[in-house]
Structures are given as C-alpha cells and as structure tokens.
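Structural features, examined
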Amino acid sequence: MYGLLDISTSGMIAQRARLTAVSANLANRHSTGPDGTPYRARHVMLAPGDPTASSEEGRGWGVHVADVEIDQRPFNMRWDPTHPLALKEGPQRGYVRESNINPLVEQVNAVQASRAYEANAAAAEAGKQMIAQALRLLS
Amino acid sequence: MTDPLGLIGAQNGVGGAPASGGSRPPISGPSFAQTLRSSIEEVNRAQQDATRAVEDLATGDRSDIEGVVLATQKADNAFRMLQALRNRVVEAYDELKQMRV
C-alpha cells in the first residue's frame, strides 16, 4: 500500500542528490586541488530501483543514485599571467586553468532538480490523499 | 476476495438454520483477537519507526528528511486505519447490544 509513497520518496531523495551536486559545482567553481588541478564538475547518475525501500514496489520502481560521475572534459582557460597558477610555458602561457563548470548549465540543472523534487512531492501528496479517501470510505 | 476474519464463512451459522449438534464446520484462519493483536503490533512498530526516525533527524544521525516524513506518514496512516476498523467493530457491538431478544 505504501509503495507509492516509497517511490515518490526515493524520487525526492534522488533529486536532492542532484541539487547537492549542483551546489557543490557552483561552490567549487574557483577551487583548485592541492596539486594545482582545478575542480572537476560532478554529475549525479540516477538508476531505476531503490534497494533501501521497505516495500517491493519501492525496491522495483523507485530510483536511486547509481554513481557520481566526474566530468573529464577539458578545463576552462582564463587569461591572467600574474596568477600564481598561470601556465609558465607552452602555447597557453599566461592562462590559468579553471574548473570545467558551466554556471549556466548548473543553473538550469538546479531549476530542473527543484521542479522534479516538487513533482515527486506532489505525487506523494496525491498518493496520501488516495489512502485518506479509502479510509474515509471505511469510517 | 479474501476473508481474513472468517466472517463470511461464519454467516451460515448465524443467519441460516441453527446448527444442530456438532455439524458446524470448523472455522479456519486466525481468530479475530489474533488479527487485532497482529495489526496493533504492526501499528506500534510503524509508530516506533517514526519516533526513531524523528529522533535520529533531531540528533543528526540521519539527514534524509524525506525518509523521516515517509515513516511519520506511514505510522499516521496505519493508526488511522486501525482506528477506523476499531470504530466499525465497536459500532457493530453496540448494534448487537441494543438488539431485543
């Protein structure tokens, strides 16, 4: 009976994970690791089925975070020759490597994740109302 | 249709011809008391789960607020269901009590 709620909850948790990744990407846009390598964007990969759900429907039809992928695309380059991490030689001398995050894409992802969270919450609400209707029939 | 309480099968004995001697068929399945007890235990378990989830959220042991809301919701629904069933049973008992013999 609670399969519907389990599924919607797993969807909400998954969308929260996506928004967490977006927040991490936006927060680390200018971060560099200890070896001078800039931060790489993180992308949450979702997969069907929620192994932690308590009901069979939740386990079969829910969603879970399968993996957090690290974006391997090339870094953004910014011209700043006085920067301590600026490249000293090569054709890109004077440029600083920056994280490969596109803030516009992250913003769109954030809107998408929060709207999807909302949709899952609305589905849970509808399921709750269905159960309440059935109970009203009994009393 | 399932008949967990065995009420449908028992109707023959109540409304039909009076059972003479020991000809009444034996009632199979769990008794009403057993069914009630097991559902109360289930509701209790759901409420304990919800309480533990809320405690864990408050103390920081878990961070998925959605799971806590789900546990609370399950406990609430289970309790409402039990309450509705109990009201129906009490109603039926009152009806029986007021019956003139």
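What counts, and at which threshold
Residues numbered from 1 in each chain as written. Chains lettered and ligands numbered in written order. Predicted model: local features only at pLDDT ≥ 70, side-chain atom pairs only at ≥ 80, totals over all residues. Helix = DSSP H or I, 4+ residues; strand = E, 2+ residues; numbered from the N terminus. Rg over C-alpha atoms; globule rule 2.2 N^0.38 Å. Buried ≥ 20, exposed ≤ 12 C-beta atoms within 10 Å, placed from the backbone. Core = buried A, V, L, I, M, F, W, Y, C linked by C-beta atoms within 7 Å. Contact = placed C-beta atoms within 7 Å. Nonpolar A, V, L, I, M, F, W, Y, C, P; charged D, E, K, R; others polar. Axes fitted to C-alpha atoms, helices over the stretch in contact; angles between N-to-C directions. Parallel < 35°, antiparallel > 145°, perpendicular 65-115°, else oblique. Left-handed = near helix turned anticlockwise from the far one by under 90°. Expected span 1.5 Å × (residues − 1). pLDDT = per-residue confidence, 0-100.

Before going further, it helps to examine the overall build of chain A. Helix and strand counts for chain A stand at 3 helices and 4 strands. For chain A, the succession of helices and strands along the chain, N to C, is α-β-α-β-β-β-α. For a compact globule of 139 residues, the expected C-alpha radius of gyration is about 14 Å, and chain A comes in at 22 Å, more than 25% above that figure. Expressed along its principal axes, the backbone C-alpha trace of chain A runs to roughly 80 × 25 × 20 Å. The burial tally for chain A puts 22% of its 139 residues in the buried class.

It is worth spelling out the overall build of chain B at this point. Along the backbone of chain B there are 3 helices and 0 strands. Traced from its N-terminal end to its C-terminal end, chain B shows the element sequence α-α-α. For chain B, the residues scored as buried account for 12% of the 101 residues in total.

Here we take up the nonpolar core. Listed in full, the 11 residues of the largest apolar core are Tyr2, Leu5 and Ala124 of chain A together with Ala46, Ala50, Ala53, Val68, Leu70, Ala71, Ala75 and Ala78 of chain B. Those elements giving two or more residues to this core turn out to be α2 (32-59) and α3 (65-97) of chain B. In this structure, Leu5 of chain A is in contact with Ala124 and Gly127 of chain A together with Leu70 and Gln73 of chain B, ignoring residues within four places of it in sequence.

With that out of the way, let us pick up the interface of chain B and chain A. Opposite the 12 residues of chain B that make contact, chain A presents 10 residues. Residue classes in the side of chain B that touches chain A are distributed as 3 nonpolar, 4 polar and 5 charged.

Each pair of packed helices gets described by two things: the angle between the helix axes and the distance between those axes. Residues and elements named next belong to chain A. For the pair helix α1 (residues 3-27) and helix α3 (residues 103-138), interaxial distance at closest approach is 8 Å and the crossing angle is 165°. By the criterion of interaxial angle, the relationship of α1 to α3 is roughly antiparallel. For the pair α1 and α3, the crossing hand works out as left-handed. Residues belonging to the contact of α1 with α3 are distributed by class as follows: 14 nonpolar, 9 polar and 3 charged.

At a minimum axis separation of 9 Å, α3 of chain A and α3 of chain B run at an interaxial angle of 10°. Of the possible angle classes, the one that applies to α3 of chain A and α3 of chain B is roughly parallel. In this structure, α3 of chain A contributes Lys128, Ile131, Leu135 and Leu138 of chain A to the contact, and α3 of chain B contributes Gln73, Asn77, Arg80, Met81, Ala84 and Arg88 of chain B. Counted by class, the contact of α3 of chain A with α3 of chain B contains 5 nonpolar, 2 polar and 3 charged residues.

Residues and elements named next belong to chain A. Here α3 spans 53 Å end to end across 36 residues, near enough to the 52 Å set by a 1.5 Å rise per residue. Of all the positions in α3, only Ala113, Asn120 and Ala124 are classed as buried. In the core, the buried residues of α3 are packed alongside α1.

Taking 1.5 Å of rise per residue, 33 residues should cover 48 Å, and α3 of chain B covers 48 Å from first to last C-alpha, within 8% of that figure. Among all positions in α3 of chain B, only Glu66, Gly67, Val68, Leu70, Ala71, Lys74, Ala75, Asn77 and Ala78 of chain B are buried. Packed against the buried residues of α3 of chain B are α1 and α3 of chain A together with α2 of chain B.

With that settled, consider the confidence of the model for chain B. The share of residues in chain B with pLDDT of 70 or more is 77%, and the mean pLDDT across the chain is 82. Confidence metrics for the complex model read pTM 0.76 and ipTM 0.70.

What follows concerns the environment of Pro48 of chain A. Looking at the element boundaries, Pro48 of chain A is found in strand β1 (residues 42-48). Along the primary structure Pro48 of chain A and Ser10 of chain A are separated by 38 residues, whereas in three dimensions their C-alpha atoms are 10.0 Å apart.

Looking now at the environment of Thr20 of chain A. Structurally, Thr20 of chain A can be placed in helix α1. In this structure the C-alpha to C-alpha distance between Thr20 of chain A and Ala113 of chain A, which are 93 residues apart in sequence, comes to 9.6 Å.

Following the sequence through the fold, Gly49 of chain A ends up in the loop between β1 and α2 (56-61). Taking C-alpha positions, Gly49 of chain A is 8.9 Å from Ser10 of chain A, a pair spaced 39 residues apart along the chain.

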